[in-house]
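Now for the letters of each chain:
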Amino acid sequence: MTTIPKQLESRLTEAFRRVLGEAMPEDYGTMTVNASQDLRFGDYQSNAAMVLAKRVKMNPRTLAMKVIEEMGNLSLATVEIAGPGFINFRVNADYFAQYMQDMINDERLGVPTAETAKTIVIDFSAPNVAKPMHVGHIRSTIIGDTLVRLARFMGHTVIADNHIGDWGTQFGMILWGWKNLLDPQALDADPIEALLNVYKEVNKRCKEQPELLEACKAELVKLQSGDDENISIWKRCIEVTKKGLDKIYNQLDIHFDVWLGESFYNDALPGLVNQLMQQGIARESDGAVCVFSDGFHKPEDDPFLVYKNEEWQSVPAIIRKADGAFLYATTDLATLDYRMNHFHADSIWYVVGAPQEKHFKQIFDIERMRGVTGDFRHVAFGSILGKDRHPFKTRDGETVSLQNVIDEAIERAARVVEQKSPDMPSDEKAHVAQVVGIGAIKFAELSQNRLSDYIFDWDKMLSLSGDTAPYLQNSYVRVRSIFRKIGEKRIPQQQTAPSPVQLNAAEELHLARMLARFGEVVPATLDDCRPNLLAAYLYDLARAFHSFYEACPVLRAEEMIQSSRLALCDLTARVLRCGTGLLGIEMPDRM
Ligand code: ARG
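Everything quoted here is computed from the prediction, not taken from an experiment.

**Let's talk about the site of the ligand**
Then comes step 1: Every residue near the ligand is listed here: Asp123, Ala126, Asn128, His137, His163, Tyr328, Asp332, Tyr350, Val352, Gln356 and Phe360.
Then comes step 2: Within the backbone of Ala126, one N or O atom sits 2.9 Å away from a nitrogen atom of the ligand.
Then comes step 3: Between a nitrogen atom of the ligand and a side-chain N or O atom of Asn128, the distance comes to 2.7 Å.
Then comes step 4: Taken by itself the ligand offers 350 Å² of open surface, and the protein chains cover 88% of this.
Then comes step 5: Taken together, the residues of the shell around the ligand sort by class into five nonpolar, four polar and two charged.

Here you go:
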């Protein structure tokens, strides 16, 4: 299937070519058509005439008029000119009805696959061993998972890589703590928590006893030089952490193809640094090895410069410290090499908080210096705030752990379910609470513009009205209940929709308009790595469904109309299910 705006784009582009002939700029591809913000102006809109008029030195309205005339009568839409030269399209109801029919028969619900299938490595979640996986990691985990699902759905090959922080200075303290403080029972009960407590305790003691810090450093040096005992403790730490994380990921239904943590790249680091020095990209400075600006960018865009004290100062990327230790940046360079060589990645997307922006800009810029090219993106996000607009913390000021957030969400969802459906069997209640609670956390995250900070508000995210997962789930359940009432046997089957879709009422037409947009929204969501586009769309769709359901009786309608409305209901359920599925959110059958 071809989406409606794509069909309009090709008509429009042809018409422009005929009108402009030789004058058509050669570098000009397809004219773009977008959904209108305001339905009074039609369903879709293009500003191509205004953009092109400048290039060919014509009056934009004159150009638009000629193009519209050239397009003639379309079966698809009526075309109008507006304002300084906008071209507006109002899709014909018959055409929407036909499009609904096609969607019903399309497994992909009108979503095209990507023109070129790519290999995309998505680096997300990536918590640090023996450090808490906190709410900041929630954002990466949930956004990353959605991108994986979207990219796969679009036909790309995706490698979901959990680049855990399994090598770092925290292991000095952990090793000492493991040997001197560890409670094996606590470790069995909750490994992540136990390691974290050890880390916190040692950290606290180090502040009081500086000689302990030395002992920890000595443990770290032993680990780095390959001491058997320390290596085996370190391996155990990773093993138990992975087990604990797996439990969380399973609850969230989030999965990785590989877990190539930082330590995986250790052996590659010395050679990489030497290579960068030989290539003249890195050089020694005060005993350390650094990459400095090569002057390629304007100072404002140069990630190796910062404006301070009224001048541009150098902020090199350090890739080997004077004591010989390698850094986060060194590992990321080696990781990128591996992904390019081993996975043959076209794209590598890093779902990591905005504070690491400079780091990734430097990494990508070093790759440019090395002549390594690809679609490298830092998919950044802001922080999660509490209701007081300060970073989200527990009552005693600790960072909130992801496991606690999940537990609380399920507990709160259970109360919502209890209130709504007290008579539901208890195992179903528990299942629905899980689906609603986890859905609520995910949707609260994904409906935000990822770059902004957002306020974590339990009541809001679990509300049955507003743009929340429970609202979408409830809409889905409502559609399903229509079919339950009418008897499952009457569900319009794919391929054999009994009678054609009719769009008479304004609410029917609007529901169809919203359904038809699914095929545009999914690719756009992935292009920009902006799950909030899809989330907002699903909310609008659910609202369109509710207005339709209020205005257009289904159960009491006469047969032909009923069959058409049932087809719209079923299509709505399918799009809701598919769309929320791409966000990693499950739909319950009842709630
Ligand atoms: N472990 C890091 C952190 O918690 C995130 C790693 C992100 N991925 C990467 N390739 N640097 O901040």
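**Here's the deal with the pairing of strand β13 (residues 375–379)**
Then comes step 1: Bridging between strand β12 (residues 347–351) and β13 involves five bridges; their strand directions are parallel. In the sheet register, Tyr350 faces β13, and the bridge partner there is His378.
Then comes step 2: Following the chain from β12 across helix α13 (residues 357–370) to the adjacent parallel β13, one finds a crossover that is right-handed.

**Side note on the sheet that holds β12**
Then comes step 1: Strand order in the open sheet formed by four strands is β6-β5-β12-β13, and the pairing between neighbours is parallel. Every interior strand has two partners, whereas the edge strands, β6 (157–161) and β13, have only one. Averaged over all pairs of adjacent strands, the angle between strand axes in this sheet comes to 15°, irrespective of strand direction.
Then comes step 2: On the sheet, helix α12 (residues 328–342) packs against β5 (119–123), β6, β12 and β13 and is oriented at approximately 140° with respect to β12.

**Some points on the packing of aromatic side chains**
Then comes step 1: Counted according to the given criterion, the structure contains 20 aromatic pairs.
Then comes step 2: Centre to centre, the rings of Tyr350 and Phe364 are 5.6 Å apart; their planes meet at 45°, and the pair counts as tilted. A residue pair is termed long-range when its members are at least 10 positions apart, and Tyr350 in strand β12 and Phe364 in helix α13 qualify at 14 residues.
Then comes step 3: Members of the aromatic cluster, joined through ring pairs, are Phe124, Tyr249, Phe256 and Trp259.
Then comes step 4: For Arg40, the ring lying beneath its charged end belongs to Phe41, and the centroid distance is 6.0 Å.
Then comes step 5: Above the face of the Phe296 ring, Arg368 is positioned so that its terminal group lies 3.8 Å from the ring centre.

**Observations concerning the layout of surface pockets**
Then comes step 1: Approximately 1,300 Å³ is the volume found for the largest pocket.
Then comes step 2: The wall of the largest pocket is formed by 45 residues, among which Glu520, Val521, Pro523, Ala524 and Thr525 lie closest to the centre.
Then comes step 3: Counting only elements with at least two residues in the lining of the largest pocket, the list comes to α1 (4–20), β1 (34–35), β12, β13, α18 (506–516), α19 (518–527) and α20 (531–551).
Then comes step 4: Looking at the lining of the largest pocket element by element, the count peaks at eight residues for α19.
Then comes step 5: Here the lining of the largest pocket is composed, by residue class, of 19 nonpolar, 14 polar and twelve charged.

**Topic: the pairing of β6**
Then comes step 1: Where burial is concerned, most of β6 is hidden: four out of the five residues are buried.
Then comes step 2: Summarising the sheet, β5 and β6 pair through five bridges and their orientation is parallel. Looking at the pairing, Ile122 lines up with Ala160 of β6.
Then comes step 3: The parallel pair β5 and β6 is bridged by helix α5 (residues 135–153), and the resulting crossover is right-handed.

**Digging into the pattern of salt bridges**
Then comes step 1: Following the criterion strictly, the structure yields 32 salt bridges and no others.
Then comes step 2: Note that Arg149 and Asp253 form a salt bridge whose closest N and O atoms lie 3.6 Å from each other. On the criterion of sequence distance, the pair formed by Arg149 in helix α5 and Asp253 in the loop between α10 (228–252) and α11 (269–278) is long-range, its members being 104 residues apart.
Then comes step 3: For Asp161, the salt bridge is made with Arg339, and the minimal N-O distance between the two is 2.8 Å. You can see Asp161 sitting in strand β6 and its partner Arg339 sitting in helix α12, a full 178 residues away along the chain. Each member of the pair, Asp161 as well as Arg339, carries the same accessibility label: buried.

**Looking at the nonpolar core**
Then comes step 1: If you look at the biggest cluster of nonpolar residues, it comprises 135 residues, and the most contacted ones within it are Phe16 and Phe518.
Then comes step 2: Aside from chain neighbours lying at most four places away, what touches Phe16 is Gly21, Met24, Met31, Ala48, Ala49, Leu52, Leu63, Val67 and Ile87.
Then comes step 3: Core analysis: the second largest hydrophobic core is formed by 31 residues, Leu272, Ile281, Val289 and Val352 among them.

**Focus on the sheet that holds strand β4 (residues 86–91)**
Then comes step 1: Read across the open sheet, the four strands follow the order β1-β2-β4-β3; overall the sheet is antiparallel. Here the strands that pair on one side only, and so sit at the sheet edges, are β1 and β3 (77–82).
Then comes step 2: As paired strands, β3 and β4 are joined by six bridges and run antiparallel to one another. Pairing of Glu80 across the sheet is with Asn88, part of β4.
Then comes step 3: Seen against the sheet, helix α3 (residues 60–71) touches β3 and β4 and runs at an angle of roughly 165° to β3.

**What to know about α18**
Think of an α-helix as 3.6 residues a turn; residues three or four steps apart then line up on the same face.
Then comes step 1: Extensive coverage of α18 is indicated by the burial of eight of its eleven residues.
Then comes step 2: What α18 keeps buried is the set Glu508, Leu509, Leu511, Ala512, Arg513, Met514, Leu515 and Ala516.
Then comes step 3: Turning to α18, the residues buried within the fold contact α1, α4 (93–104), α19, α20 and α21 (559–582).

Rules used throughout
- Residues numbered from 1 in each chain as written.
- Predicted model: local features only at pLDDT ≥ 70, side-chain atom pairs only at ≥ 80, totals over all residues.
- Heavy atoms only, no water.
- Near = heavy atom within 4 Å.
- Polar contact = N/O pair within 3.5 Å; in protein donor to acceptor, adjacent residues only side chain to side chain.
- Areas by Shrake-Rupley, 256 points an atom, 1.4 Å probe, with all protein chains shown as cover.
- Nonpolar A, V, L, I, M, F, W, Y, C, P; charged D, E, K, R; others polar.
- Pairing = 2+ DSSP bridges.
- Helix = DSSP H or I, 4+ residues; strand = E, 2+ residues; numbered from the N terminus.
- Right-handed = clockwise from strand over helix to strand, strands pointing away.
- Axes fitted to C-alpha atoms, helices over the stretch in contact; angles between N-to-C directions.
- Contact = heavy atoms within 4.5 Å.
- Phe/Tyr/Trp six-rings, centres within 6.5 Å; stacked < 30°, edge-to-face > 60°.
- Lys NZ or Arg CZ within 6 Å of the ring centre and 35° of its normal.
- 1 Å grid on protein atoms, 1.4 Å probe; cavity = no way out; pocket = protein on both sides within 12 Å on 5 of 7 lines; lining within 4 Å.
- Points joined across faces, edges and corners; volume = space filled by probe spheres on them.
- Buried < 20%, exposed > 50% of the residue type's maximum accessible area, 1.4 Å probe, protein only.
- Salt bridge = Lys/Arg side-chain N within 4 Å of Asp/Glu carboxyl O.
- Core = buried A, V, L, I, M, F, W, Y, C linked by side-chain atoms within 4.5 Å.

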